[in-house]
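Chain residues, written in single-letter form:
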Amino acid sequence: MFSDAYYAELRRTMDCPRCLTPTSRDEVDNGVGIICGPFGCPCGWSECAEYDVSGGPKLDEHGYELDQWGGATPPQILESEIRR
Ligand SMILES: [Zn+2]
């Protein structure tokens, strides 16, 4: 059903090139297949340069705070987490 490249991608692991820590990523099953986010490291490094926050916090054009795993958190969610 899926190509060898698809399964090879699912098996892929990666160590952070910046601090050599094993990285992790988000995997989501959308019912058709598994979609993987970019590998990210606690140090802020991201496989996807757009989400690399190793140089400090990064906001997208909507003011969402990006994280190294390909996430973007709206500012109001950050505020409610601080209050909790
Ligand atoms: Zn790292």
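Check the entry above for the structure.
As the structure is a computational prediction, the values presented were derived from the model and not from experiment.

Focus: the overall build of the chain
Here's step 1: From N to C terminus, the chain includes 2 helices and 4 strands.
Here's step 2: Written out in order from the N terminus, the α and β elements of the chain read α-β-β-β-β-α.
Here's step 3: Taken over the C-alpha trace, the chain has a radius of gyration of 15 Å; the compact-globule value for 84 residues is 12 Å, which it surpasses by more than 25%.
Here's step 4: Scored against the burial criterion, the 84 residues of the chain give a buried share of 12%.

Considering unusual backbone geometry
Here's step 1: For Leu20, which is not glycine, the phi torsion reads 65° and is therefore positive.
Here's step 2: Residue placement: Leu20 occurs in the loop between α1 (4-11) and β1 (27-29).
Here's step 3: Classification of Leu20 by C-beta neighbours within 10 Å gives exposed; the count is 10.

Some points on the environment of Lys58
Here's step 1: As for its placement among the helices and strands, Lys58 is situated in the loop between β2 (34-36) and β3 (65-66).
Here's step 2: With 18 C-beta atoms packed within 10 Å, Lys58 lands in the partly exposed category.
Here's step 3: Counting along the chain gives 46 residues from Lys58 to Arg12, while the straight-line C-alpha distance between them is 27 Å.
Here's step 4: Contacts of Lys58, omitting those with residues within four sequence positions, involve Val53 and Leu66.

Regarding the environment of Asp29
Here's step 1: Mapped onto the secondary structure, Asp29 falls in strand β1.
Here's step 2: By C-beta crowding, Asp29 is classed as exposed, having 8 other C-beta atoms within 10 Å.
Here's step 3: Along the sequence, Asp29 and Glu47 sit 18 residues apart, while their C-alpha atoms lie 20 Å from each other.

Definitions and cut-offs
- By convention here, each chain's residues receive numbers from 1 onward along its written sequence.
- Confidence filtering applies because this is a predicted model: local features only for residues at pLDDT of at least 70, side-chain atom pairs given and counted only at 80 or more, and all residues used for totals across whole chains, interfaces and linings.
- We count a stretch as a helix when DSSP gives it H or I for four or more residues in a row; a strand needs E for two or more, and each element gets its number in order from the N terminus.
- Each radius of gyration reported is based on C-alpha atoms, and the globular scaling rule is 2.2 Å times the count of residues to the power 0.38.
- We call a residue exposed when 12 or fewer other C-beta atoms sit within 10 Å of its C-beta, buried when the count reaches 20 or more, and partly exposed for counts in between; the C-beta positions come from the backbone.
- Remark: residues whose backbone-derived C-beta atoms lie within 7 Å of one another are considered to be in contact.

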